[in-house]
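The residues making up each chain are set out below.
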Protein chains: 2
Amino acid sequence: MKIIKKISTMQSISDELRKNNKIIGFVPTMGALHKAHIAIIRKARKENDIVVVSIFVNPLQFGPKEDYKKYPRPINQDLDICKKENVDFVFYPSVKEMYPYGKSFTYVEVKKFRGILCDKFRPGHFCGVSTVVAKLFNIVKPHKAYFGEKDYQQLKIILRMVKDLNFDIKIIPVPTVREDDGLAYSSRNLYLSLKEREVAGNIYKSLIYCKNLILNRKFKSIKKCIEEAKNYLHKMLSNVEHSIQYFEVYDDNLDVVNNNIDKIPKNTKLRIFAAVYIGTTRLIDNLGFKI
Amino acid sequence: MKIIKKISTMQSISDELRKNNKIIGFVPTMGALHKAHIAIIRKARKENDIVVVSIFVNPLQFGPKEDYKKYPRPINQDLDICKKENVDFVFYPSVKEMYPYGKSFTYVEVKKFRGILCDKFRPGHFCGVSTVVAKLFNIVKPHKAYFGEKDYQQLKIILRMVKDLNFDIKIIPVPTVREDDGLAYSSRNLYLSLKEREVAGNIYKSLIYCKNLILNRKFKSIKKCIEEAKNYLHKMLSNVEHSIQYFEVYDDNLDVVNNNIDKIPKNTKLRIFAAVYIGTTRLIDNLGFKI
């Protein structure tokens, strides 16, 4: 396994690999690798000749009051994991290498899937994401790139960017990986206290609860199902400080669906999205299903 | 010479060429090819194994009141020129191929070199340019791309975009090519009436006039030199309807320079920029020199 810190080196390596007909699979990460990353890396390992993992905590996608500084950076542990998973190259640039002027003058703005869900509460976040992903795509030059479905809005935005800007890269979505109690793996789970961790699985349970309310036509209204699921979640989290930032239902394309469940066409793919603060830790999750 | 209309075909061809160690030079155009394009193509021909010319009148970079519809599209003539100049591939996509939804949801925004010169008068233009150039780079996958210095602000913006988004492409600026009377070649010159064409060379002459005023310290103030050069240009264009949209002096990095010529450090590269309407035709030009 080689650790590459320079953009130009990574580009030359990828050029050479492509010349030799190697198929390059790319897993962009912010490090603090956990089981979900490992599942993604393993999928990439199976489907490509070469696997490149990038580790870069991208300052551009953090708001001024967000956790950029405290975001975990266990680089040695991360590199051990990559080695063990037979990653070929870890692209691990400095902030200065990625943003020599401390910031970018150029931004990639995807104007779809915006103004809702995380974008409503994290202005600038997705612009930072699409910009750094465009950079990484131009640096790693992969054939395929892997993104987890936990960050579903991000996945949709990246898919849109790839189509609109004609990146010749296949985006592979990877289903969310969960702990036994249903908590989606996230590097931010590390922030949770033991007490908080004990109840955090209820975020996922509330998504399932909401899904069942909808599927069983317990109420006619999506809004009512959401309300009930939020009540359920508040109850399950009552022992810890918490707040629900959003709890919403969209279709698979992040379009609004009819509030009257009976009026939603059969076989429509719905997706329930939640962002929840447990203590000071913001966790997100989502669950897709067909009506 | 092959004419390619499909994005995916162009991408496969470029992949194959790169695998075979061919160096690809790319000349993006909006067609209506003239001597300046030919000079650019010839430079690309000399410096690369493969030359790709794109012909695409990009709707995204025209304002609602601009000349998108009437922009000349002499495609057969353009293809003849490309053939004669030994171009290998002409990428000639439809608007639908480039913008299947009639518009783009994704934009590349370069936030430097903005709010001045053409950007002040053509809002959205450079966003349309950087977006389509990013698309074309991902489609043609060139090693080098050629841009004329006549569109100097565009050149600076593209250079900035390439650095910021880490496109692995060398941008080659090509000096402005002029008619005998100094008029910079432009597809829009076709719009000029004979009478207008006769005096249009004075735009360039006014740039030279301004440069000499500055170099000869005729006045101490850049502003005064500009004023005098504008007076000169108005006089020379007095027989035709005209207006000067802007006439300005910046340094080579499009930064403002000290108005007091004596206070500008020696060897500073200055550049004079003008945009002039002759009749309804908007023409731009610029001239660089060292103080």
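On a predicted model such as this, the values are computed, not experimentally measured, just so you know.

A. Looking closely at the pattern of salt bridges. A full pass over the atoms with the stated rule returns 40 salt bridges over all chains. Aspartate 15 of chain A serves as the salt-bridge partner of lysine 141 of chain A, at 2.9 Å between the closest nitrogen and oxygen. Taken as a pair, lysine 141 of chain A in the loop between helix 6 (125–140) and strand 6 (144–148) and aspartate 15 of chain A in helix 1 (residues 7–19) lie far apart in primary sequence, 126 residues in all. The salt bridge partner of glutamate 227 of chain A is lysine 224 of chain A, with a shortest N-O separation of 3.8 Å. Pair noted here: glutamate 227 of chain A and lysine 224 of chain A are both in helix 10 (residues 222–236), with a separation of 3 residues, about one helical turn. Note on glutamate 227 of chain A: relative accessible area 43%, which makes it partly exposed. According to the relative accessible area criterion, lysine 224 of chain A is partly exposed, its value standing at 30%. In the salt-bridge network here, residues are joined through shared partners; they are Asp15 and Lys141 of chain A together with Arg18 and Asp168 of chain B.

B. Main features of the layout of surface pockets. Roughly 480 Å³ of volume is contained in the largest pocket. What lines the largest pocket is a set of 27 residues, and nearest its centre among them are Asp15, Arg18 and Lys141 of chain A together with Arg18 and Lys141 of chain B. Among the secondary structure elements, those contributing two or more residues to the lining of the largest pocket are helix 1 and helix 6 of chain A together with helix 1 (7–19) and helix 6 (125–140) of chain B. Partitioned by chemical class, the residues of the lining of the largest pocket number 10 nonpolar, 6 polar and 11 charged.

C. Layout of the environment of valine 162 of chain B. All names here are of chain B. The topology assignment puts valine 162 in helix 7 (residues 152–164). Judged by relative accessible area, valine 162 falls into the buried class, the value being 8%. The residues touching valine 162, leaving out its near neighbours within four places in the chain, are Phe137, Phe167, Ile169 and Ile171.

D. Structural view of the sheet that holds strand 9 (residues 269–278) of chain A. Residues and elements named next belong to chain A. Taking strand neighbours across the sheet as the criterion, the 3 strands line up as 8-9-10 in an open arrangement whose pairing is antiparallel. A strand with exactly one partner marks an edge of an open sheet, and here the two such strands are strand 8 (242–251) and strand 10 (281–290). Shown here is a sheet whose adjacent strand axes are inclined to one another by a mean of 15°, direction ignored. In the sheet, strand 8 pairs with strand 9 via 9 bridges, with the strands oriented antiparallel. When the bridges of strand 9 are listed, glutamate 248 appears paired with phenylalanine 273.

E. Here's a closer look at the sheet that holds strand 4 (residues 89–91) of chain A. Residues and elements named next belong to chain A. Strand order in the open sheet formed by 6 strands is 1-4-3-2-6-7, with parallel pairing between adjacent strands. Of all the strands in the sheet, just strand 1 (2–4) and strand 7 (170–174) have a single pairing partner and so form its edges. Sheet twist, expressed as the average angle between the axes of neighbouring strands with direction ignored, equals 25°. Inspection of the sheet shows strand 6 paired to strand 7 by 5 bridges, in the parallel sense.

F. Here's a closer look at the relation of the copies chain B and chain A. When chain B is brought onto chain A, the operation consists of a screw motion whose angular component is 180° and whose axial shift is 0.0 Å, with 0.0 Å RMSD remaining. These values place the two chain copies in the arrangement generated by a two-fold rotation axis. Most of the interface of chain B is mirrored in chain A: 100% of its interface residues are interface residues there too.

G. Spotlight on the domain arrangement of chain A. All names here are of chain A. According to the domain assignment, chain A contains domain 1 (2–174) and domain 2 (187–290). Distance from the C-alpha centre of domain 1 to the C-alpha centre of domain 2: 27 Å. In this complex, domain 1 contributes 22 residues to the contact, which on the side of domain 2 involves 17 residues. When residues of domain 1 are sorted by the area they lose upon contact with domain 2, Leu117, Phe121 and Tyr152 head the list and together hold 32% of the total.

H. Seen up close, the packing of helix 9 (residues 202–215) of chain B against helix 10 (residues 222–236) of chain B. Residue and element names in this part refer to chain B. Packing of helix 9 against helix 10 brings their axes to within 9 Å, and their N-to-C directions diverge by 150°. Viewed along their axes, helix 9 and helix 10 adopt a mutual orientation that is roughly antiparallel. When you trace helix 9 past helix 10, the crossing you get is right-handed. Here helix 9 contributes Asn202, Ile203, Lys205, Ser206, Tyr209, Cys210, Leu213 and Ile214 to the contact with helix 10, which in turn contributes Ile222, Cys225, Ile226, Glu228, Ala229, Tyr232, Leu233 and Met236. For the contact of helix 9 with helix 10, a count of residues per class yields 12 nonpolar, 2 polar and 2 charged.

Rules of the game
- Residues numbered from 1 in each chain as written.
- Chains lettered and ligands numbered in written order.
- Predicted model: local features only at pLDDT ≥ 70, side-chain atom pairs only at ≥ 80, totals over all residues.
- Heavy atoms only, no water.
- Salt bridge = Lys/Arg side-chain N within 4 Å of Asp/Glu carboxyl O.
- Helix = DSSP H or I, 4+ residues; strand = E, 2+ residues; numbered from the N terminus.
- Buried < 20%, exposed > 50% of the residue type's maximum accessible area, 1.4 Å probe, protein only.
- 1 Å grid on protein atoms, 1.4 Å probe; cavity = no way out; pocket = protein on both sides within 12 Å on 5 of 7 lines; lining within 4 Å.
- Points joined across faces, edges and corners; volume = space filled by probe spheres on them.
- Nonpolar A, V, L, I, M, F, W, Y, C, P; charged D, E, K, R; others polar.
- Contact = heavy atoms within 4.5 Å.
- Pairing = 2+ DSSP bridges.
- Axes fitted to C-alpha atoms, helices over the stretch in contact; angles between N-to-C directions.
- Least-squares fit on C-alpha atoms with pLDDT ≥ 70 in both.
- Domains from an automatic or database assignment.
- Buried area = accessible area lost by both parts, 1.4 Å probe.
- Parallel < 35°, antiparallel > 145°, perpendicular 65-115°, else oblique.
- Left-handed = near helix turned anticlockwise from the far one by under 90°.

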